[in-house]
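Overview (structure and organization)
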Amino acid sequence: MDIFKIVVFALPSCLLCILLRQYRPDYSFAVSIVSGIIILLYALPALSNVFKSIDSFVRKANVNTVYIKTAVKIMGLSYITQFSSEMCRDAGENALASCIEVCGKIIMLALSLPIAEALFKLTEGIIP
Amino acid sequence: MKKAAVLFLIILITTPVRADDYNKLDSFGITEAGFTFSDAVNSMTDGHQIVKANEMWPKIYEIAVSEINTNLSAVSVIFALSFLLAVFSTSRHRFKGGENAAFLSVYMIITGIITSAFGEISKLGISLIQNTVLFLNSVIPILGTAIAGSAGAGVFASLSPQILIFSSLCGNLIKSIGMPAVYFSFGLSLIGNLSPHYSTASLAKVIRSTALWIVSGAVTIFSAVVSVSGMSCSSLNAAALKSAKFAVSGLVPVLGSLMTDSIEAVAGGAVVIKNIIGSAGILFIFFSVLFPVIKIASVIFIYKISSALIGTFGDKRITSVLDNMAGVLSAITGFIIACSVSCIISLSVLLGASNLGGAL
């Protein structure tokens, strides 16, 4: 099971971070970032299976897959933004963290605009 | 009295009750039960059963299942997205903007799916209502020739303007008040769920139900007026025929009584033609409305079920949108049924009032 792999990897890296924090806090921070990224990468194969099944539904329903991909991208973006901004907060860089959040919001807005545009066009089309 | 009798005789002789007049009504197409208007008239003339109940049930089942299957894929996308959103929302987010953006993007996609389904059904509803009213307006002149031939010219002259005016009024009321209210209510329900703080769902419901009340009130008044006029007209019919018979037998010296018998025969034949055209019209309206209504009902069923199921795990706003969609579709079904029922009532009142009754 994948979760055991993740736990087996996450607990020692957590211990390593705690140990390193006393002697070299900068190394501890780097270890925590790298282990966080590796743990997230573990989830990717499982996530791709979920997306494949959603994709098959979407094709049947004649919904443009681009919009579903955008929604999923926004969810992923939200996770990544949260992860990185919290990392920055842990390191004591609050200003940088809020910058990342603002940036994440702007990118989400840019991503979701085509969906809103498509919705407006659709609404325009149904009005007799 | 003499004048009336002469007038009736002139009408009887000059009215061309042409059997192929009704072929013009075939432009209204084939109902999903598989017959045109002229098919219905022909089979009634021959005494065949045009619609068999044991063939209808499998057809109804097939249409309902195919419509459910078509909409199931759209609803399964809504399911998958709301499930994804529910999983996403369970993890605690300190980054609130991300959660809102994810909800809004998913909500917009779901709204898009629902809006396209709503657009298709509302177009179907509008075209059905327009076609039914147009069909009634086209069948009434053809019915009129047959009614005039069966000594019902007075009935037709007094009833048909009322029916035409009221049926057009009904159609226009639905088109100019009912459908815009449904569109407005649909739009309000979509916008109202964007924010958790401001809800316009109840306002949408009020607008929808007000439109339904107005249309159903108009249909009730229409049915009442047409039925009362129909009741008062049927005696007019019998009087016209009796006066014609009396005038012919009194005025024509030798052949009078013979001609009276032939008048009865012609009037009796015209009654049969009139009844066949009228019943075929009622059958045509019923079956051209039945299958679309079953289609819309199965879509309503799908949205109600999915709203109930998503309510167990998903966001309340998505559930409320699906619920409102089902409500809006029910209103459209209500309009279609109201319009077709008023057309069927008017046709049957016209048929009933112009029957010869005790005159023969």
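Overview of the structure. (Residues numbered from 1 in each chain as written. Chains lettered and ligands numbered in written order. Predicted model: local features only at pLDDT ≥ 70, side-chain atom pairs only at ≥ 80, totals over all residues. Heavy atoms only, no water.)

Residue and element names in this part refer to chain B. For the structure on display, the rule yields zero disulfides over all chains. Distance from the sulfur of Cys 339, which forms no disulfide, to the nearest cysteine sulfur (Cys 343) is 4.6 Å. For Cys 343, a relative accessible area of 1% corresponds to the buried category. (Disulfide = S-S within 2.5 Å. Buried < 20%, exposed > 50% of the residue type's maximum accessible area, 1.4 Å probe, protein only.)

Our focus in this paragraph is the side chain of Ser 340 of chain B. Residues and elements named next belong to chain B. Structurally, Ser 340 is set in helix α8 (residues 316–353). A relative accessible area of 6% means that Ser 340 is categorised as buried. Excluding its chain neighbours within four sequence positions, the residues that come into contact with Ser 340 are Thr 132, Ile 285 and Val 289. (Helix = DSSP H or I, 4+ residues; strand = E, 2+ residues; numbered from the N terminus. Contact = heavy atoms within 4.5 Å.)

Moving on, we come to helix α2 (residues 37–46) of chain B. Those residues of α2 of chain B that sit buried are Phe 37, Ser 38, Ala 40, Val 41 and Ser 43 of chain B. Following α2 of chain B by one or two positions, Gly 47 of chain B adopts a phi angle in the positive range, close to 85°.

Time to look at a nonpolar patch on the surface. Taken together, the side chains of Ile 3, Phe 4, Val 7 and Leu 11 of chain A define a hydrophobic patch exposed on the protein surface, amounting to about 400 Å² of accessible area. Within the secondary structure, Phe 4 of chain A is located in helix α1 (residues 2–23). (Patch = residues over 30% accessible without salt bridge, like charges linked within 9 Å, V, L, I, M, F, W, Y side chains within 5 Å. Areas by Shrake-Rupley, 256 points an atom, 1.4 Å probe, with all protein chains shown as cover. Salt bridge = Lys/Arg side-chain N within 4 Å of Asp/Glu carboxyl O.)

It is worth spelling out the interface of chain B and chain A at this point. Each partner contributes residues to the interface: chain B has 34 residues there, and chain A has 32 residues. Where chain B abuts chain A, roughly 2600 Å² becomes buried across the two surfaces, and 81% of that area is made up of carbon and sulfur atoms. On inspection of chain B and its partner chain A, the count reaches zero salt bridges. Going through the elements one at a time, α3 (53–90) and α4 (96–149) of chain B are the ones with two or more residues in the side of chain B that touches chain A. Per-element accounting of the side of chain B that touches chain A gives the leading share, 18 residues, to α4 of chain B. Its residues placed into classes, the side of chain B that touches chain A shows 18 nonpolar, twelve polar and four charged. (Buried area = accessible area lost by both parts, 1.4 Å probe. Nonpolar A, V, L, I, M, F, W, Y, C, P; charged D, E, K, R; others polar.)

Its 36 residues place the ends of helix α2 (residues 25–60) of chain A 53 Å apart at the C-alpha level, agreeing with the 52 Å of an ideal helix rising 1.5 Å per residue. At Pro 45 of chain A, α2 of chain A shows its strongest bend, of approximately 35°. Buried positions along α2 of chain A lie against α1 and α3 (65–90) of chain A together with α3 of chain B. Two residues or fewer after α2 of chain A comes Asn 62 of chain A, characterised by a positive phi angle close to 60°. (Expected span 1.5 Å × (residues − 1). Bend = angle between axes of the 7 residues up to and from the residue.)

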